[in-house]
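Given next are the chains, with one letter for each unit.
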Amino acid sequence: MVIALFSMYFMMSCFFGSALYFTKYNMGNEDQYVMVSNLLSAFQVITMFATPFIMKKVSKRNIFMVGMIIATLGFLLAGFSTDYVVICASSVIKGIGFGCGAATMFGCLQEAITYGEWYNGYGTAGMGNAASSFCMKVGSGIGTAALGWILDAGGFDAALETQSASALNAISLSFVWVPIITTVICVICMIFFNLDKVYDTVLKDLAAGKHREK
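Right, let's walk through the structure included here. (Residues numbered from 1 in each chain as written. Predicted model: local features only at pLDDT ≥ 70, side-chain atom pairs only at ≥ 80, totals over all residues. Heavy atoms only, no water.)

### A word on the pattern of salt bridges
- Across all of its chains, the model carries 1 salt bridge by this definition.
- Close ionic contact of Lys60 with Glu111 constitutes a salt bridge, the shortest N to O distance being 3.4 Å. Of the two residues, Lys60 is situated in helix H3 (residues 60-78) and Glu111 in helix H4 (residues 84-120); the sequence distance between them amounts to 51 residues.
- The class of Lys60 is partly exposed, set by a relative accessible area of 27%. (Salt bridge = Lys/Arg side-chain N within 4 Å of Asp/Glu carboxyl O. Helix = DSSP H or I, 4+ residues; strand = E, 2+ residues; numbered from the N terminus. Buried < 20%, exposed > 50% of the residue type's maximum accessible area, 1.4 Å probe, protein only.)

### Comments concerning the environment of Ser133
- Here Ser133 shows up in helix H5 (residues 125-153).
- Between the C-alpha atoms of Ser133 and Leu5, which are 128 residues apart in sequence, the distance is 9.8 Å.

### Comments concerning the environment of Ile96
- Position of Ile96 relative to the elements: it lies in helix H4.
- Once the C-alpha coordinates of Ile96 and Thr47 are considered, the two residues, 49 residues apart in sequence, prove to be 5.7 Å apart.
- Apart from the residues lying within four places of it in its own chain, the contact partners of Ile96 are Phe43, Thr47 and Ile70. (Contact = heavy atoms within 4.5 Å.)

Read these as geometric descriptors, not functional statements.
Structure (structure tokens):
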């Protein structure tokens, strides 16, 4: 979960930081940023409201994993076009994926903390919350720094109205391909996050005051 959360915050800083640049230089119209951004946010919020009903039938882990797969598909769609309609469609898809992730990632972390208490015999809530704070601050900070490094390596110059091909590729890398790497990492993490198999037992044992038998 630490790796997944770190990847999420890293991705959000790099992706959201590059979105305006992508619409302004790659798409050629920075006014389109508003719709591209708002569509993602709107569908993320809608999905977050819907996920509690889905969680009655599907585990948090599976919703998170499927959400990251959906987000990956949205990024892939944006990776092969700068057409306004296509990018808006990709924002809708990414918004749905982000909504699934945002609604469940902290729930998955809490399940990991609860499992740790059952497994080790003592509470680890403080460590879990510290890990969450670490991921938020360090992941966001490094993600923002990575955006700067990528743009600098591509020769991006904010003073220019038209960017070089290498600069446009750097923006695309930050907007599409780096986020794809991080969402795939999240999917891999969730494949190994298999608490579904034992979590009911964990809750029953803790309710009865018992821990893992060593």
